[in-house]
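Listed below are the residues making up each chain.
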Amino acid sequence: MTLNAESHTGGHTWKSLPAAQQPDWPDQAALREVIAELESYPPLVFAGECDQLRDRLGAVARGEAFLLQGGDCAEAFDAIGADQIRNKLKTLLQMGAVLTYAGQVPVVKVGRIAGQYSKPRSKPTETRDGVTLPTYRGDSVNGFEFTEKARIPNPQRLKRMYQASASTLNLVRAFTTGGYADLRQVHAWNQDFVKSSPAGQRYEALAREIDRALNFMNACGVDPEEFKTVEFYSSHEALILDYESALTRTDSRTGALYDVSGHMVWIGERTRQLDGAHVEFAARIRNPVGVKLGPTTTPEEALSLIDRIDPNREPGRLTFITRMGADKIRDKLPDLVEKVTASGAQVAWICDPMHGNTFEAASGHKTRRFDDVLDEVKGFFEVHKGLGTHPGGIHMELTGDDVTECVGGGDEIFVDDLHQRYETACDPRLNRSQSLDLAFLVAEMYRDQ
C-alpha cells in the first residue's frame, strides 16, 4: 500500500451544473477557507484500495460474489466511540460469515461508515410549534437540536466530518487486521445468537453445518491467514459536493481522479439527475460508484446512467441499488433488469429494502416493518431467479446496538416499544438481532437460487 494520491488538478466540472440537496451555506468566504484546508489534507483511503474494491464488485456483477453493505442511516459525531464502531462491525462480520457459507461465494463487505454524515431531505425547512428552521441535513452540515444556532449550516463541520471519518477508519482497520475479525470468533458469536434468539431453532442447522466445516479444517491442520483478517471497505453517499471534490485527488500512477473520502460512493434517488452535478462528479472519478433507483426509474434512465458513468461497460464500476418498496419490487424491477441485461452492460444489482418501506407510527416515530424489509428482499430474489440473473447483494441501514426503531423480527419489537431506544437522527435502523435474523433468512434465499 502506497500513498499514491496527490492533490487533484481536476474534478470541478460539476460546478457549472445544477446541484440538488446542497446546504445553503450563509458564509461563502468561510466555506472557501474550509475547502482550501480540506484540499491540503491527506487521503482517507488509497486509490489502490478503490481499485481492489472495483475488482471485487466486478465479481459481484459477474455472479461470482455477493455484496453486503450496511451501517447507519446517518453517522453522528457523538457516536464514534470504540464500542459503537465495534458493534456495527461485529454485526456485519456475523452476517457476512453466514452469507459466505450459505452462498458458497465470497461476500464483499462494505460499511455505510466513515463518511455517512450527510442526508438528503424532502423539505428544506422544518416547522415545530409555529417556529420554522432549516431542516437537519446531517452532522456534516448542521446540528440535530431544534434551535436557530444549531440549524445554521456551518462549513467547519466538514472538517469535523473528515476527522471523525479518519478516526473511524483507523479503528476499523485495527479491528479487521488485528485478530478481532477471526472467522472462528465470528462463528462463536453466531452460535451465541442462535442459542439466545427466539427464532434460533430455524437457524440451528446452518450454524451446525458451519461448525462441522470449521472443525474438519481444524482437524486437518488447516489454518489459513485469510481466516484471521477480513477485507472491509468504506462507503457513503457523495452528497455534499464541496467536500467530495475537496477530497478528490489525481492518482500518481495513472493520472486518474479518485475521491479519497471513501472506497465507494453512491448517488441517491434525489440527486441522480442526468444533467445534474452529482452524475457529472461520479462520471469523473475512478471509484466504484453506486446509484439508487426508486420505483419511478425507467429503463431508459437506467441505460442513460450507464452511458454517463460506465461508458466502457466495466464490471464493478457501477452498482445499481434498487429501493422500490415491498409492494412494488415485483412489478417495477423486472423491466429494468431485463433491458439493462439486454444492453450488454454488467452492473451489480443490489437490493436496498429499507427506504421504500418507511411509515409513521401512531406515536409519530418513523419506522419500518421487518416483514416488509424481508418481503422486498424476497421479491428481489424472485425477480432475478425468474430472469436468470444474479441477485448481487443487500444494502441495509443497521446498527450493532439494541435499538428499538424497526418493528418485528424474531425478538419482536412492537409499535409500543419504539420509544424505548429510538436513537437514530434520521431513518430507522435494524438492530443487531433483526440484522442477524435477516442474514440467516437471506442465506436461505440464496441457497434456493
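Residues numbered from 1 in each chain as written. Predicted model: local features only at pLDDT ≥ 70, side-chain atom pairs only at ≥ 80, totals over all residues. Heavy atoms only, no water.

**Description of the overall build of the protein chain**
Move 1: Per the secondary structure count, the protein chain includes 13 helices and 15 strands.
Move 2: Over its C-alpha trace the protein chain gives a radius of gyration of 21 Å, about what one expects of a compact globule, namely 22 Å for 449 residues.
Move 3: Expressed along its principal axes, the backbone C-alpha trace of the protein chain runs to roughly 65 × 55 × 45 Å.
Move 4: Taken across its 449 residues, the protein chain has 57% of its residues classed as buried.
Move 5: Here the analysis covers contacts within the protein chain between residues at least 6 apart in sequence; of these, 77% occur between residues at least 24 apart.
Move 6: Carbon and sulfur atoms make up 48% of the accessible area of the protein chain, which totals about 18,100 Å². (Helix = DSSP H or I, 4+ residues; strand = E, 2+ residues; numbered from the N terminus. Rg over C-alpha atoms; globule rule 2.2 N^0.38 Å. Buried < 20%, exposed > 50% of the residue type's maximum accessible area, 1.4 Å probe, protein only. Contact = heavy atoms within 4.5 Å. Areas by Shrake-Rupley, 256 points an atom, 1.4 Å probe, with all protein chains shown as cover.)

**Re the pattern of salt bridges**
Move 1: Under the criterion given, the structure shown has 38 salt bridges.
Move 2: A salt bridge links K159 to E37, with the nearest nitrogen and oxygen atoms 3.1 Å apart. Pair noted here: K159 is in helix α5 (residues 156-177) and E37 is in helix α1 (residues 28-39), with a separation of 122 residues, a long-range link.
Move 3: For R151, the salt bridge is made with E126, and the minimal N-O distance between the two is 2.9 Å. With R151 in helix α4 (residues 148-151) and E126 in strand β4 (residues 125-128), this residue pair connects regions lying 25 residues apart in the sequence.
Move 4: Among the residues examined, E126 registers a relative accessible area of 23% and is labelled partly exposed.
Move 5: Bridged by salt links that share partners, the residues D51, R54, D251, R253, R286 and E314 form one connected network. (Salt bridge = Lys/Arg side-chain N within 4 Å of Asp/Glu carboxyl O.)

**Topic: the environment of R32**
Move 1: Here R32 is to be found in helix α1.
Move 2: Given a relative accessible area of 55%, R32 falls into the exposed group.
Move 3: In the structure, R32 is positioned 354 residues away from G386 in sequence and 52 Å away in space, judged by C-alpha atoms.

**A short note on the nonpolar core**
It is characteristic of soluble globular proteins that their nonpolar side chains tend to be buried jointly.
Move 1: By size, the foremost hydrophobic cluster in this structure holds 108 residues, and its most contacted members are F320 and W349.
Move 2: Membership of the second largest hydrophobic core comes to 15 residues, among which are L57, L67, Y233 and I350. (Core = buried A, V, L, I, M, F, W, Y, C linked by side-chain atoms within 4.5 Å.)

**Remarks on the UniProt feature "binding site: phosphoenolpyruvate" (unreviewed entry) in the protein chain**
Move 1: Per the UniProt record, "binding site: phosphoenolpyruvate" (unreviewed entry) is found at R112, E269, R270, K292 and R323.
Move 2: Examined against the element boundaries, R112 turns out to sit in strand β3 (residues 107-112).
Move 3: The exposure class of R112 is buried, given its relative accessible area of 1%.
Move 4: One can find R270 in the loop between β9 (264-267) and α9 (277-284).
Move 5: If we ignore the near neighbours within four places in the chain, the residues touching R270 are A20, Q21, P120, R121 and S122. (UniProt positions renumbered as here; feature names shortened; annotations may be inferred.)

**Some words on the environment of E49**
Move 1: Topologically, E49 is positioned in helix α2 (residues 47-61).
Move 2: Judged by relative accessible area, E49 falls into the buried class, the value being 11%.
Move 3: On a C-alpha basis, the gap between E49 and H263 in space is 6.8 Å, while along the polypeptide they are 214 residues apart.

**Structural notes on the sheet that holds strand β11 (residues 318-322)**
Move 1: As summarised here, the arrangement of the 8 strands in space is β2-β3-β6-β9-β10-β11-β12-β15, forming a closed barrel in which the pairing is parallel. On average, adjacent strands in this sheet sit at an angle of 25° to one another, irrespective of strand direction.
Move 2: Two elements, β9 and strand β10 (residues 289-293), share 3 bridges in a ladder whose sense is parallel. Following the sheet pairing, W266 is matched in β10 by G290.
Move 3: Of the strands in this sheet, β2 (66-71), β11, β12 (348-351) and β15 (393-397) touch helix α12 (residues 370-387), which is tilted by about 155° from β12. (Pairing = 2+ DSSP bridges. Axes fitted to C-alpha atoms, helices over the stretch in contact; angles between N-to-C directions.)

**Some points on the packing of helix α3 (residues 82-103) against α5**
Move 1: Their axes nearest at 10 Å, the elements α3 and α5 cross at an angle of 55°. Judged by the inter-axis angle, α3 sits oblique to α5. The element α3 and its partner α5 pack so that their crossing is right-handed. Contacts between α3 and α5 pair A82, I85, R86 and L89 from the former with T168, L171, V172, F175 and T176 from the latter.
Move 2: Tallied by class, residues from the contact of α3 with α5 come to 6 nonpolar, 2 polar and 1 charged. (Parallel < 35°, antiparallel > 145°, perpendicular 65-115°, else oblique. Left-handed = near helix turned anticlockwise from the far one by under 90°. Nonpolar A, V, L, I, M, F, W, Y, C, P; charged D, E, K, R; others polar.)

**Here we look at the pairing of β10**
Move 1: Most of β10 sits out of view: 5 of its 5 residues are buried.
Move 2: What you see with β10 is no split at all: V289, V291 and L293 on one side and G290 and K292 on the other are buried throughout.
Move 3: For the crossover that starts at β9, traverses α9 and ends in the parallel β10, the hand is right-handed.
Move 4: The sheet contact formed by β10 and β11 spans 5 bridges and is parallel. What sits directly across from V289, in β11, is L318.
Move 5: In this region the chain leaves β10, passes through helix α10 (residues 299-309) and returns to the parallel neighbour β11; the handedness of that crossover is right-handed. (Right-handed = clockwise from strand over helix to strand, strands pointing away.)

**Considerations on the side chain of K159**
Move 1: Residue K159 is classed as buried on the basis of its relative accessible area of 14%.
Move 2: Excluding residues that lie within four positions of it along the chain, K159 makes contacts with V34, E37, L38 and Y41.

**Here we look at the packing of helix α6 (residues 183-196) against helix α7 (residues 200-219)**
Move 1: Interhelical geometry of α6 versus α7 gives an angle of 155° and a closest axis separation of 9 Å. The orientation of α6 relative to α7 falls into the category roughly antiparallel. The element α6 and its partner α7 pack so that their crossing is left-handed. Within the contact between the two elements, α6 uses L183, H187, Q191, F193 and V194 and α7 uses G200, Y203, E204, A207, I210, D211 and L214.
Move 2: Of the residues belonging to the contact of α6 with α7, the class tally is 7 nonpolar, 3 polar and 2 charged.

**With respect to the UniProt feature "binding site: Mn(2+)" (unreviewed entry) in the protein chain**
Move 1: In this structure's numbering, the residues bearing the UniProt feature "binding site: Mn(2+)" (unreviewed entry) are C73, H355, E397 and D427. Over a stretch of 355 residues, the named residues converge on one spot in the fold, their C-alpha atoms separated by at most 10.0 Å.
Move 2: For H355, a relative accessible area of 15% translates into the label buried.
Move 3: In contact with H355, other than residues within four places in its own chain, are R112, K119, K292, R323, R368, E397 and D427.

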